[in-house]
Amino acid sequence: MTKKRIVLLAVIAALVAAFFAFDLEHYFSLEYFKHQQATINAYFQSHPVQTAGIFFAIYVAVTGLSLPGAAIMTLVGGAIFGVLWGTVIVSFASSIGATLAFLASRFLFRDAIQRKFGDKLTAINRGVEKEGAFYLFALRLVPAFPFFVINLVMGLTPMKTRTFYWVSQIGMLAGTLVYVNAGTQIAQVSSPAGLASPALIGSFVLLGIFPLIAKKILEVTKARKIYSKWHKPARFDRNLIVIGAGSAGLVSAYIAAAVKAKVTLIEQHKMGGDCLNFGCVPSKALIRSAKLLSQMRRSREWGIKSASPNFEFRDVMERVDRVIKSVAPHDSVERYTELGVDVVQGEAKIVSPWSIEIKRSDGAKQVLTTRSIIIAAGSSPLVPPIPGIDEVGYLTSDTVWDLRELPRRVAILGGGPIGCELAQCFARFGSQVTQVEMLPRLMLWEDPEISEMVAKRFHAEGIDVRVNTKAKAFRIERGEKVMVADQNGEEFRIPFDMLLCAVGRVARTKAYGLENLGIPITHQRTVEVNEYMQTIYPNIYACGDVAGPYQFTHTAAHTAWYAAVNALFSRFRKFKVDYSVIPWATFTEPEVARVGLNEIEAKAKGVPYEITTYGLDDLDRAIADGAAEGIVKVLTVPGKDKILGVTIVGEHAGDLIIEYITAMKYGIGLNKILGTIHIYPTLVEANKYAAGNWKRAHAPQGLLRWIERYHAWMRGGNSGASAAGEAPRPAAGRHA
Ligand SMILES: Cc1cc2nc3c(=O)[nH]c(=O)nc-3n(C[C@H](O)[C@H](O)[C@H](O)COP(=O)(O)OP(=O)(O)OC[C@H]3O[C@@H](n4cnc5c(N)ncnc54)[C@H](O)[C@@H]3O)c2cc1C
């Protein structure tokens, strides 16, 4: 830092320190002003220009040094000078003060910050250069952030000083006017009755609703800017058009039809989308057959000498097909047509914010206009660009369902939910499975011991799990397909007959008009939406996998509700999507289900927690069922029964966790779960026992010792604590 900078920093620091050290803050209060009001008014009457000059200088100093007090001074400005002059004086003083703070921050810190984080700030700098004035205007209009923070932060950006000054002056004008006006009313209050005067109440109501009005103005301004290059039709063919008939699209269309909107649902491929045709439904059907096989092989555990599985893989896959066909009517064209949805089979393309071009399956083209659009285009499997992958060929979750012959050796890329579920299935059908994951463990988002429980089971079932292993290339060597992999710097080969790529799914964002409209895509490659599921075009929404951040059928349905209701009724009320309680499950054996925080997330977010566990090996029903494996792991607020998150591993974990999901959603704690009758003997009793463990660990020890003395006294013995009073076994550990 140069000498000049050090001197300036020292001067500013000394002034700020003096302000607090001499308690100058108390001069910036309404009480102080009211106390001095008569004296100030008298001085103003005799010396109006000097009063304005002194006020102006103090105001500039306070804002320039980023000291607290500008809001009070604005009210006082109204009280002394009235609406017109108060607004003029405050408007210039606040803009000049803000610009001084902006310049000081720029002079002191900008070079250093840009030098240090220049590459990371490139996008922000570009954004500020392009749209900085608008952002600043928005921040000034809606006081979401303290103004002094805005002054200092803007100083670090490349924004021109001139732009900063005039945008600040214009942006703050409305707010200044509202505050100054409220100030004039304070000046009138001379008795308690004055507090209830309509003018004062009106001023404060205005003060309260100003941010809302400002926000609305901003939304309208922003929307105008976005829509400016498009021609809006005078009338619309539809209230809503939904692109994609997967879980998100179906729910959106269903809601629209239920509330009597005219809605068209467009699907280019199969009704029901991924969940029905390539995802949840076929995978769960396959898992069921694989589980049966596994249980037959373990028949001795249930007292049955032998149950030799005799099966054809083809028959299993045909059952999967039949299951899809049985569920398909729920998502069919016929059902949705009956519900009042206009279903069109074809490819949709957004050609303007209000019109969709449809290329029907019969080749005909049609353009429909609509007031709102919901993009529910889903996601597709990600195929990593590993050399040779196309040459050896691969299957994904889209194509694996066409398989009819069981491959002898299966290589699976990916240790996520799809990779894990299918690895276990193929192993149980008899394939030799190698699962390759480049991260340190399977299901990395779960706590390490949870991943370990699954990995242990996988090893026991003969799956060759290779973590910390990266697939580098694929080759055909002597007629055999081979994966060249690297594990901690050591290269080895994995021969296989079938490669399944399950490294994740990526949102479908191409070839249906997003580029044309300039709808932004996030770093996670999903369509960018706000908390109302709106894209940058307020009448275009996105939900489900295409919008993320979750990729589940239930979250697709959840976000679809917000998209549909907001798309149809936003002019009356808009709903912010609620991601506070999001559950999920991975349907391996053991099944893993979670809601809320686990330990890794709590640590990452710095949330203090306590852990309570209950092992399913202790549960009567699990023992009877031969499923005494797994755990209920609950994170609670230290010292309280408030649930932060739960992970359940074991048979039907995805069903058992529902009780905790409900509890978290409605703020029910472990005490209430413990106080609820659970049917005996069921697996869900595990939830109650976990709550019981928590309760035991939080039993009031001091009180119990007194009660023990009381019982001893009732027995006529001495009142000392006896050995019979077994101390509760602590089951909860505290973590900060
Ligand atoms: C193997 C597997 C197992 C899974 N298991 C589970 C599970 O157990 N539980 C769970 O909750 N989730 C599971 N999922 C995830 C779940 O399937 C998805 O999260 C869900 O299907 C997302 O629904 P969606 O409506 O967002 O997208 P999709 O279901 O992908 O639907 C999008 C639809 O949009 C159509 N479309 C796209 N572009 C256009 C266009 N321009 N014009 C017309 N139509 C278009 C597509 O054809 C598609 O049908 C699984 C996924 C897979 C792959």
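Preceding this paragraph is the structure being described.
Let me begin by describing the structure that accompanies this report. (Residues numbered from 1 in each chain as written. Predicted model: local features only at pLDDT ≥ 70, side-chain atom pairs only at ≥ 80, totals over all residues. Heavy atoms only, no water.)

1. Let's talk about the overall build of the protein chain
Piece 1. The secondary structure content of the protein chain amounts to 24 helices and 21 strands.
Piece 2. Taking the principal axes of the C-alpha coordinates as reference, the protein chain spans close to 110 × 95 × 60 Å.
Piece 3. By sequence separation, contacts in the protein chain at least 24 residues apart represent 65% of the contacts at least 6 residues apart.
Piece 4. In the form shown here, the protein chain has an accessible surface area of approximately 37,300 Å², with 60% of it arising from carbon and sulfur atoms.
Piece 5. Across the protein chain, the centroid of the 82 positively charged side chains sits 8 Å from that of the 64 negatively charged ones. (Helix = DSSP H or I, 4+ residues; strand = E, 2+ residues; numbered from the N terminus. Contact = heavy atoms within 4.5 Å. Areas by Shrake-Rupley, 256 points an atom, 1.4 Å probe, with all protein chains shown as cover. Lys, Arg positive; Asp, Glu negative; His and termini not counted. Charge placed at Lys NZ, Arg CZ, Asp CG, Glu CD.)

2. Re the pairing of strand S12 (residues 490-496)
Piece 1. Sheet topology places strand S11 (residues 480-487) next to S12; 7 bridges connect them, and they run antiparallel. Bridge assignment links glutamine 487 to a residue of S12, and that residue is glutamate 490.
Piece 2. Hairpin geometry of S11 and S12 is characterised by an intervening segment of 2 residues between the two adjacent antiparallel strands and by a positive phi of about 50 degrees at asparagine 488. (Pairing = 2+ DSSP bridges.)

3. Digging into the packing of helix H10 (residues 280-297) against helix H14 (residues 417-429)
Piece 1. Running from N to C, H10 and H14 cross one another at 45 degrees; their axes reach a closest spacing of 9 Å. Of the possible angle classes, the one that applies to H10 and H14 is oblique. With respect to the hand of their crossing, H10 and H14 are arranged in left-handed fashion. For the pair H10 and H14, the contacting residues are Ser283, Lys284, Leu286, Ile287, Ser289, Ala290, Lys291, Leu293, Ser294 and Arg297 in the first and Glu421, Leu422, Cys425, Arg428 and Phe429 in the second.
Piece 2. When the residues that make up the contact of H10 with H14 are grouped by side-chain class, the tally is 7 nonpolar, 3 polar and 5 charged. (Axes fitted to C-alpha atoms, helices over the stretch in contact; angles between N-to-C directions. Parallel < 35°, antiparallel > 145°, perpendicular 65-115°, else oblique. Left-handed = near helix turned anticlockwise from the far one by under 90°. Nonpolar A, V, L, I, M, F, W, Y, C, P; charged D, E, K, R; others polar.)

4. Remarks on the side chain of arginine 457
Piece 1. With respect to the secondary-structure elements, arginine 457 resides in helix H15 (residues 448-460).
Piece 2. One polar contact links arginine 457 to glutamate 629, side chain to side chain, over a distance of 2.5 Å.
Piece 3. Look past the residues within four positions of arginine 457 in its chain and what remains in contact with it is Arg298, Gln424, Arg428, Glu589, Pro590 and Glu629. (Polar contact = N/O pair within 3.5 Å; in protein donor to acceptor, adjacent residues only side chain to side chain.)

5. Some thoughts on the sheet that holds strand S7 (residues 409-413)
Piece 1. With parallel pairing, the 4 strands of this open sheet are ordered in space as S9-S8-S7-S13. Strands at the two margins of the open sheet, each flanked by one partner only, are strand S9 (464-466) and strand S13 (498-501). Geometrically, the sheet is characterised by an average inter-axis angle of 15 degrees between neighbouring strands, direction not taken into account.
Piece 2. The strands that H14 touches are S7, strand S8 (432-436) and S13; relative to S8, the one it contacts most, it runs at about 165 degrees.

6. As for the nonpolar core
Among soluble globular proteins, nonpolar side chains are generally buried collectively.
Piece 1. Core analysis: the largest hydrophobic core is formed by 57 residues, its most contacted members being Ile356, Ile374, Ile375 and Val546.
Piece 2. Ignoring sequence-local partners within four residues, the contact set of isoleucine 374 consists of Leu240, Ile241, Val242, Ile243, Ser252, Tyr541, Cys543, Ala563, Ala564 and Ala567.
Piece 3. In terms of nonpolar packing, the next biggest core, distinct from the first, is built from 40 residues, Phe278, Met443, Val465 and Met498 among them. (Core = buried A, V, L, I, M, F, W, Y, C linked by side-chain atoms within 4.5 Å. Buried < 20%, exposed > 50% of the residue type's maximum accessible area, 1.4 Å probe, protein only.)

7. Brief notes about the site of the ligand
Piece 1. Taken together, 39 residues lie near the ligand, and Glu267, Asp274, Lys284, Asp545 and Thr553 sit nearest.
Piece 2. Cysteine 275 is positioned such that a nitrogen or oxygen atom in its backbone is 3.3 Å from an oxygen atom of the ligand.
Piece 3. Relative to its unbound accessible area of 990 Å², the ligand is 94% covered by the protein chains.
Piece 4. Going through the elements one at a time, helix H8 (247-258), strand S2 (263-267), helix H9 (273-277), H10, strand S3 (342-352) and helix H17 (553-569) are the ones with two or more residues in the shell around the ligand.
Piece 5. Residues of the shell around the ligand, tallied by class, amount to 15 nonpolar, 16 polar and 8 charged. (Near = heavy atom within 4 Å.)

8. As for the environment of alanine 348
Piece 1. Looking at the secondary structure, you find alanine 348 in strand S3.
Piece 2. We classify alanine 348 as buried; its relative accessible area is 9%.
Piece 3. In contact with alanine 348, not counting residues within four places along its chain, are Ile243, Ile266, Ile356, Glu357 and Tyr512.

9. Observations regarding the sheet that holds S12
The strands that make up a sheet are held in pairs by hydrogen bonds between backbone atoms, and each pair lies either parallel or antiparallel.
Piece 1. Spatial strand order, S10-S11-S12: 3 strands in an open sheet with antiparallel pairing. In the strand order of this sheet, the two ends are held by strand S10 (469-477) and S12, each with one partner. For this sheet, the mean inter-axis angle between neighbouring strands, taken without regard to orientation, is 25 degrees.

10. Details of helix H5 (residues 147-155)
Piece 1. Within H5, the full set of buried residues consists of Ile150, Asn151, Met154 and Gly155. Along the axis of H5, the buried residues cluster in a sector spanning 130 degrees; they form a single face. (Arc of directions from axis to C-beta.)

11. A closer look at the packing of helix H2 (residues 30-46) against helix H3 (residues 48-64)
Piece 1. Remark: H2 packs on H3, axes separated minimally by 5 Å, with the N-to-C direction vectors making an angle of 120 degrees. One way to sum up the angle between H2 and H3 is to call them oblique. Residues Tyr43, Phe44, Gln45 and Ser46 of H2 form the contact with H3, whose own contacting residues are Pro48, Gln50, Thr51 and Ile54.
Piece 2. Of the residues contributing to the contact of H2 with H3, the split by class is 4 nonpolar, 4 polar and no charged.

12. Re the packing of aromatic side chains
Piece 1. Within this structure, the stated rule accounts for 20 aromatic pairs.
Piece 2. With centroids separated by 5.3 Å and ring planes inclined at 90 degrees, the aromatic side chains of phenylalanine 44 and phenylalanine 81 adopt a geometry described as edge-to-face. Pair noted here: phenylalanine 44 is in helix H2 and phenylalanine 81 is in helix H4 (residues 70-141), with a separation of 37 residues, a long-range link. Like phenylalanine 44, the residue phenylalanine 81 is buried in the burial classification.
Piece 3. Ring geometry for phenylalanine 55 versus tyrosine 59: centroids 6.0 Å apart, planes at 55 degrees, classification tilted. In this pair, phenylalanine 55 and tyrosine 59 are both assigned in helix H3, 4 residues apart and thus about one turn of the helix distant. Of the two residues examined, phenylalanine 55 and tyrosine 59, each falls in the buried class.
Piece 4. Put simply, the rings of Phe44, Phe55, Tyr59 and Phe81 touch in pairs and so form one group of aromatic residues. (Phe/Tyr/Trp six-rings, centres within 6.5 Å; stacked < 30°, edge-to-face > 60°.)

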